[in-house]
Amino acid sequence: MKYGYYADKEIPKSVALDHKSIVDYKTNSHGYRCPEWTPLPEGKKNVVILGCSHTFGEGLNDGDVWVDQLYAKVDRQRLRFWNLGQPGASADKVVRILYGCEKILFPKIIIVCWPFWSRRERLDTYPKSLMSYDETLKNENENTDRNNFLKNVFFVEKFAEKIDAKVLHCFAQDVYDIPGDNVFSKTSIKLCWPEWSTMTFEHEKRVRTTEPNLAKDGIHYGVEHHKKFAELFYNHFKSKLK
């Protein structure tokens, strides 16, 4: 059954596949940076990871993205990861992808790495992801951004409740206030590197860093950010990643 862009048994078409060259990345036939899901392998719990370009891993090689780094830390005999992160994705887009994967990937753990809350998805002749500087969003403000974001958090939480799945929240750039103990709000992919310590004996953490660690595209955060974020995320949610 299909209602506009919301369809049963149908993950929405990839932004990367539709609007962006992905020749530099290994993706499945739908434009997601994960294996094909047809036929779906048997066994293991499926872990669905959603987010924007920082979760897709723009400018990074396979294995360098925080999703890959995290997967290397968990018990891969029990869990299978599906990276559904998409370049330019908004919170609206994240929710649409999540709802579309229910009867395809049957997730038991949902990880959402939320992008800027100022983004929106406009459903016109095709789904268009709008950034904060888009003229269409000129009438939005901090309150509408926050409430639209919290609406999408609610949709994710209710979806997880409906299918009896765990949901874990984290952030790509800005950190937002989400109530509950299933949120990693200490830092974000952007803010986690360089690491700094107030302990004078931790010399390796007190090295002056003047150059940003960037991915190959010179825009997105580099390997150091992704490696540290995966480590911190895993340490925070270790008991829930089973």
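Residues numbered from 1 in each chain as written. Predicted model: local features only at pLDDT ≥ 70, side-chain atom pairs only at ≥ 80, totals over all residues. Heavy atoms only, no water.

Draft legend 1. Examining the overall build of the protein more closely. Along the protein, the regular secondary structure elements total 7 helices and 8 strands. Relative to the globule expectation of 18 Å for 242 residues, the C-alpha radius of gyration of the protein, 18 Å, shows essentially globular dimensions. The principal-axis extent of the C-alpha atoms belonging to the protein is close to 60 × 50 × 40 Å. Taking all 242 residues of the protein together, 49% fall into the buried category. With an accessible surface of roughly 12900 Å², the protein has 50% of that area assigned to carbon and sulfur atoms. In the protein, which carries 37 positive and 33 negative side-chain charges, the distance between the mean positions of the two groups comes to 4 Å. (Helix = DSSP H or I, 4+ residues; strand = E, 2+ residues; numbered from the N terminus. Rg over C-alpha atoms; globule rule 2.2 N^0.38 Å. Buried < 20%, exposed > 50% of the residue type's maximum accessible area, 1.4 Å probe, protein only. Areas by Shrake-Rupley, 256 points an atom, 1.4 Å probe, with all protein chains shown as cover. Lys, Arg positive; Asp, Glu negative; His and termini not counted. Charge placed at Lys NZ, Arg CZ, Asp CG, Glu CD.)

Draft legend 2. The arrangement of the sheet that holds strand E5 (residues 109–114) in detail. Here 4 strands make up an open sheet; going across it, the order is E4-E3-E5-E8 and the pairing parallel. Both edges of this open sheet fall to strand E4 (79–83) and strand E8 (166–171), since each of them pairs with a single strand only. Strand after strand, the sheet turns through a mean of 20° between neighbouring axes, direction not considered. Of the pairings in the sheet, the one linking strand E3 (residues 45–51) to E5 comprises 5 bridges and is parallel in character. Residue pairing across strands places Leu 50 opposite Val 112, the latter belonging to E5. (Pairing = 2+ DSSP bridges. Axes fitted to C-alpha atoms, helices over the stretch in contact; angles between N-to-C directions.)

Draft legend 3. Focus on a nonpolar patch on the surface. A contiguous nonpolar surface patch, about 490 Å² in accessible area, is contributed by Met 1, Tyr 3, Tyr 6 and Leu 123. Within the secondary structure, Tyr 3 is located in strand E1 (residues 2–3). Relative accessible area serves as the criterion here: at 59%, Tyr 3 is assigned to the exposed category. (Patch = residues over 30% accessible without salt bridge, like charges linked within 9 Å, V, L, I, M, F, W, Y side chains within 5 Å. Salt bridge = Lys/Arg side-chain N within 4 Å of Asp/Glu carboxyl O.)

Draft legend 4. Inspection of the pairing of strand E6 (residues 120–123) at higher detail. Alignment of E6 against strand E7 (residues 127–130), held across 4 bridges, turns out to be antiparallel. What sits directly across from Leu 123, in E7, is Pro 127. Adjacent in sequence and paired antiparallel, E6 and E7 are bridged by 3 residues.

Draft legend 5. Representation of the side chain of Thr 187 within the structure. You can see Thr 187 is positioned in the loop between E8 and helix H7 (223–237). Residue Thr 187 is classed as buried on the basis of its relative accessible area of 7%. Separated by 3.2 Å, the side chain of Thr 187 and the backbone nitrogen of Cys 192 make a polar contact. Filtering out sequence-adjacent residues up to four positions away, Thr 187 remains in contact with Val 175, Cys 192, Phe 229 and Leu 232. (Polar contact = N/O pair within 3.5 Å; in protein donor to acceptor, adjacent residues only side chain to side chain. Contact = heavy atoms within 4.5 Å.)

Draft legend 6. Expanded view of a positive patch on the surface. On the surface, Lys 45, Arg 78, Lys 108, Lys 166, Lys 238 and Lys 242 cluster together to form a positively charged patch. Looking at the secondary structure, you find Lys 242 in the segment after H7.

Draft legend 7. The arrangement of the packing of aromatic side chains in detail. Inspection of every chain in the model, using the stated rule, returns 16 aromatic pairs. Ring geometry for Tyr 25 against Phe 56: centres 5.2 Å apart, planes inclined by 75°, an arrangement best described as edge-to-face. Remark: Phe 56 occurs in helix H2 (residues 53–56) and Tyr 25 occurs in the loop between helix H1 (15–19) and E3; sequence separation between them is 31 residues. Here the two residues Tyr 25 and Phe 56 agree in accessibility, since each one is buried. Measuring from ring centre to ring centre gives 6.2 Å for Phe 154 and Phe 155, while their planes differ by 55°; the resulting arrangement is tilted. Between Arg 33 and the ring centre of Phe 56, over which it is positioned, the NZ or CZ distance is 5.7 Å. (Phe/Tyr/Trp six-rings, centres within 6.5 Å; stacked < 30°, edge-to-face > 60°. Lys NZ or Arg CZ within 6 Å of the ring centre and 35° of its normal.)

Draft legend 8. The arrangement of the environment of Lys 186 in detail. For Lys 186, the location among the structural elements is in the loop between E8 and H7. Assessed through its relative accessible area of 71%, Lys 186 is described here as exposed. For Lys 186 and Lys 216, which are 30 residues apart along the polypeptide, the C-alpha to C-alpha distance reads 27 Å.

Draft legend 9. Up close: the pattern of salt bridges. Counted according to the given criterion, the structure contains 13 salt bridges. Asp 62 is the partner of Arg 33 in a salt bridge, and the nearest nitrogen-oxygen pair spans 3.0 Å. Of this pair, Arg 33 sits in the loop between H1 and E3 while Asp 62 sits in the loop between H2 and helix H3 (66–71), and the two are 29 residues apart along the sequence. For Arg 33, a relative accessible area of 10% corresponds to the buried category. The salt bridge involving Glu 195 is made with Lys 228; its shortest N-O contact spans 3.0 Å. With a gap of 33 residues between them, Glu 195 in the loop between E8 and H7 and Lys 228 in helix H7 connect regions that are remote in the sequence. Here Glu 195 falls in the partly exposed class, since its relative accessible area comes to 30%.

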